[in-house]
Amino acid sequence: MTTTPTHQTLSWGHDALRLDLRIAADGTARLDLRIAADGTARLDLGAPSDPAGDGALPLVEVTATGHGRFWSSHRLVDSALGARLRHRAHHVTREGGWHVLTVALHDPDTGLVAEVVYRSPDGVPALRAEVTLRNEGAGTLHLESVTSLALGGITDVDLDTADVWWADNDWLAELRWQRRPLRAALPQLSGRVRYGYGKGSFALAGQGTWSSCGHLPMGALSDRASGRAWVWQIEHNGGGWRWDCGERHDTAYLALSGPTDGDHGWRHPLEPGGEFRAVPVSVAFGDRLDDAFGALTRYRRASRRPHPDHENLPVIFNDYMNCLMGDPTTEKLLPLVDAAADAGAEYFVIDAGWYDDSAGWWDSVGEWEPSTTRFPGPRGIHEVLDRIRERGMVPGLWLEPEVVGVRSPIAAALPDEAFFRRDGVRVVETGRYQLDLRHPAARAHLDAVVDRLVGDWGVGYLKLDHNIDAGSGTSGHPAEVPAAGALGHHRAHLAWLDGVLDRHPHLVLEDCASGGMRADHALLSRMQLLSTSDQQNLLLYAPIAAAAPTAVTPEQGAVWAYPQPDDTPDEVAFTLVSALLGRIHLSGQLAGLGPEARALVHQAVAVYRDLRADLPGALPVWPLGLPAWDDPWVALALRTPATTYLTAWRRPGAGPTTTLHLPHLRDTPAVATPVFPAETRVTTAWNPGTAELTLTLPTAPSAVLLRLN
């Protein structure tokens, strides 16, 4: 690292994002992020000219036992340790297409050192932040909270015209974005008397071992007057996260964090010479909320592990949803294999139950050996796997790797230390134990399972599910609080996934947790697909499918398409349309469909295989705004430089006509062409001056996919 003289200003970044680093005479450094008039994001780091009045924050906020806040509140900011941190050095590098700025800070009183690393992909208005703390002092620091990113003095959003956004996320009802005026959450406190500090904020925190149960680990801030927007995500695969959006000195601030003492009971003893890494976070910017989500989509693509699945986008059939529902047998599967192959599927996944020899398999899972009663022939399950391959598809299996049923032989075979424990007792949830993947025996067991299924059986796809919340965590290590154990396990989980893909680079992994209870970028930067929901009602799936690109890139968002023999043609088209701008998860009783319904399935798959090459570069647009759960009309568009694909769903109770806003097509002579279903009664009228498409669907429910170019 190179030491920087006082008052030096460093300009860092690229055309889409610019950061200025300024160091004050006393060594303080502050981060104040603004979006420039030309739309580029600009970050100014420096000592505030008016420390009591501009809202700027330290680069890192840290609380530790004995080192709390100088302004008492439940917020993540105003920490005494953070205020004492002084600039020590900084360093600028390039890592491939990424611009990297590393800033080292030091507290002379305690010896605490903070290394802050900012990364931004070239040409993308997005910033990733990571913080590493080291103790160079003589005494142990008992950490209670550490921000990964603290942004103060946000002046390009007006507190009186700003909205804060968050996404409620429940089983069967995922990705429900909500909006609230920031002033409704943060009332104006000053009048005759001016107050620079409040004690409240708009804050969300995750809990348990599901990262997105209750809420996505995301949020957004937008300005109704200027349109400018910020979108952020916490890249952590467990429930130990928190974000704050609040007010300081008449400007907004944002603070993003992993687990904290106040929210999760998290503490970490940072001993002399010790090190702690906070969870990574990222924030993206845009002139409109859609643009900010587009920037985040580009960032997600740049920051994930490369994999051929992200480009090839094969069609997947899975036997679970509105189909076998965890009851597979050779007899039931063979007709489905043939029907899926005839429809154009390229992967066939046998879901839950393939290991089940009894009616009570829920609390006996863990060995992951095939059932002999479900697959009674001389080749057992391999008869089905062979048929899948004979029909030109890649076989896949469902697996719930992190759990072991209380009646499983594995529960006795592994040591207590391989499981979550609290107060010396194994954690039990719904008849299952939770593995602690920090333990070598737990990892060795799972590695042997995966290597057998993939290496010996030739399975090319694993749907990795997780259906229990193991609570606050594990205190399996000496003097460890459960939240610290949970953080360690979740990091070991990511390392285990990396190891699986290192050994099997063409294996496709699906991220599933009771539907979408683990919709986070920590997992999705490694795994290839996200199960967006377990929702079985095709009408209720529409807003989930439309909102999916807020949480995952379109080419990773798996949406069920499950036509039933009793569905009307409009209902068959409705469920198929839902998957065409994401990843098709075909299911349903395909072998029992009538000729018209079967023809629609084959047509939809052909359409998807024709357009899927555009999806890995497409950016999302919401022509009716982010969907609400009960919206009568729902719409999602994906735009590329040459083409815009638009899906519109009309649900029961909606009028026949809606008006869709596509500002990126303003003043262009766009032509709307129906793509699916081919036989549709949709009518459209395009107004290039207002960039509005008037669309009519005469029946409800019905849906359509259009191409505009």
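Here the structure is a predicted model, which is why all the values come from computation and not from measurement. (Residues numbered from 1 in each chain as written. Predicted model: local features only at pLDDT ≥ 70, side-chain atom pairs only at ≥ 80, totals over all residues. Heavy atoms only, no water.)

The subject of this paragraph is the side chain of D511. Of note, D511 is situated in strand β32 (residues 508–511). In this view, D511 contacts L464, R518, L523, L524, M527, L529, L530 and S531; residues no more than four positions away in its chain are not counted. (Helix = DSSP H or I, 4+ residues; strand = E, 2+ residues; numbered from the N terminus. Contact = heavy atoms within 4.5 Å.)

So, about helix α10 (residues 440–456). Every α-helix carries 3.6 residues per turn, so stepping three or four residues along brings you back to the same face. The end-to-end C-alpha separation of α10 is 22 Å, in line with the 24 Å expected for 17 residues at 1.5 Å each. Restricting attention to buried positions, one finds in α10 the residues A442, H445, L446, V449, V450, R452, L453 and V454. Considering only its buried residues, α10 is in contact with β25 (394–399), α9 (409–413), β31 (461–464) and α11 (482–503). A positive phi of about 80° marks G458, the residue just after α10. (Expected span 1.5 Å × (residues − 1). Buried < 20%, exposed > 50% of the residue type's maximum accessible area, 1.4 Å probe, protein only.)

Their axes nearest at 11 Å, the elements α10 and α11 cross at an angle of 30°. Considering the relative orientation of α10 and α11, their crossing is right-handed. For the pair α10 and α11, the contacting residues are R443, L446, D447, V450 and D451 in the first and W496, V500 and R503 in the second. Across the contact of α10 with α11, the residue classes tally to four nonpolar, no polar and four charged. (Axes fitted to C-alpha atoms, helices over the stretch in contact; angles between N-to-C directions. Left-handed = near helix turned anticlockwise from the far one by under 90°. Nonpolar A, V, L, I, M, F, W, Y, C, P; charged D, E, K, R; others polar.)

What follows is about the environment of V279. Tracing the sequence through the fold places V279 in the loop between β21 (275–277) and β22 (281–286). What V279 contacts, discounting residues up to four positions off in sequence, is A129, S148, I234, H236, S257, G258, L487 and R491.

Let's shift gears to the nonpolar core. A general tendency of soluble globular proteins is for nonpolar side chains to be buried together. Within the largest apolar cluster, 133 residues are counted, with the highest numbers of intra-cluster contacts made by F348, W354, L462, L586, W649 and F676. In contact with L586, not counting residues within four places along its chain, are V315, I316, F317, N318, A343, A561, L576, V601 and V605. Counting 61 residues, the second-largest nonpolar core is a separate cluster that includes A29, L105, Y118 and I154. (Core = buried A, V, L, I, M, F, W, Y, C linked by side-chain atoms within 4.5 Å.)

Below, the discussion takes up the packing of aromatic side chains. What the rule picks out here adds up to 20 aromatic pairs. Both rings, one in W98 and one in Y299, keep their centres 5.9 Å apart while their planes meet at 75°; by these two values the pair is edge-to-face. Separated by 201 residues along the polypeptide, W98 in strand β8 (residues 98–106) and Y299 in helix α4 (residues 289–303) bring together distant segments of the chain. You'll find W98 and Y299 in the same group, each marked buried. Each residue in the set W354, Y355, W361, W362, W368, W398 and W457 is aromatic and connected to the rest through ring pairs, giving one cluster. (Phe/Tyr/Trp six-rings, centres within 6.5 Å; stacked < 30°, edge-to-face > 60°.)

Quick look at the sheet that holds strand β38 (residues 644–650) now. Judged by pairing direction, the sheet is antiparallel, and its five strands sit side by side in the order β36-β37-β38-β43-β40 without closing on themselves. The strands lining the two open edges of the sheet, one partner per strand, are β36 (619–621) and β40 (672–676). Strand-to-strand, the axes of this sheet are offset by a mean angle of 25°, without reference to chain direction. This element, α4, spans β36 and β37 (633–639) of the sheet and lies at about 155° to β36. Most of the contacts of helix α13 (residues 538–547) go to β37, to which it runs at about 30°, and overall it touches β37 and β38. (Pairing = 2+ DSSP bridges.)

What follows concerns a nonpolar patch on the surface. On the surface, a cluster of nonpolar side chains totalling about 300 Å² of accessible area is made up of L189, V193 and Y195. One can find L189 in the loop between α2 (182–185) and β14 (202–205). (Patch = residues over 30% accessible without salt bridge, like charges linked within 9 Å, V, L, I, M, F, W, Y side chains within 5 Å. Areas by Shrake-Rupley, 256 points an atom, 1.4 Å probe, with all protein chains shown as cover. Salt bridge = Lys/Arg side-chain N within 4 Å of Asp/Glu carboxyl O.)

Strand order in the open sheet made by the three strands is β26-β30-β29, with antiparallel pairing throughout. Strand pairing shows two members of the sheet lacking a second neighbour, β26 (403–405) and β29 (428–429), which therefore form its edges. The sheet contact formed by β26 and strand β30 (residues 432–434) spans three bridges and is antiparallel. Bridge assignment links V403 to a residue of β30, and that residue is Q434.

So, about the confidence of the model for the chain. Taken over all residues, the pLDDT of the chain has a mean of 94, while the share at 70 or more is 95%. Long-range and interchain partners of residues 45–52, a stretch whose pLDDT sits below 50, account for 19 contacts in this model, where long-range means more than four residues apart. (pLDDT = per-residue confidence, 0-100.)

The next subject is α13. Taken across its 10 residues, α13 has eight buried, putting it largely inside the fold. When we look at burial in α13, the residues that qualify are L538, Y541, A542, P543, I544, A545, A546 and A547. Next to the buried residues of α13 lie β13 (173–181), β34 (557–561), α14 (569–577), β37 and β38. With a side-chain oxygen lying 2.8 Å from the backbone nitrogen of L539, the N-terminal cap of α13 falls on N537. (Polar contact = N/O pair within 3.5 Å; in protein donor to acceptor, adjacent residues only side chain to side chain.)

Looking now at unusual backbone geometry. Note that the residue after F676, namely P677, is joined by a cis bond; omega there is -5°. With respect to the helices, strands and loops of the structure, P677 is situated in the loop between β40 and β41 (683–687). The amide bond that connects A700 to the next residue, P701, takes the cis arrangement and shows omega of 0°. Tracing the backbone shows P701 in the loop between β42 (692–696) and β43 (702–708). A positive phi angle is found at N322, which is not glycine, with a value near 50°. Within the secondary structure, N322 is located in helix α6 (residues 320–324). Positioned with a positive phi, W368 is a non-glycine residue whose angle comes to about 60°. Note on W368: relative accessible area 2%, which makes it buried.

So, on to the pattern of salt bridges. As a working rule, side chains carrying opposite charge can pair if their charged atoms are close by. Enumeration over the complete set of coordinates arrives at 47 salt bridges. The salt bridge involving D338 is made with R391; its shortest N-O contact spans 3.1 Å. On the criterion of sequence distance, the pair formed by D338 in helix α7 (residues 330–343) and R391 in the loop between α8 (381–390) and β25 is long-range, its members being 53 residues apart. Classification of D338 as partly exposed rests on a relative accessible area of 23%. Ionic pairing is found between D416 and R426, a salt bridge with its closest N-O pair at 2.8 Å. Remark: R426 occurs in strand β28 (residues 425–426) and D416 occurs in the loop between α9 and β27 (421–422); sequence separation between them is 10 residues.

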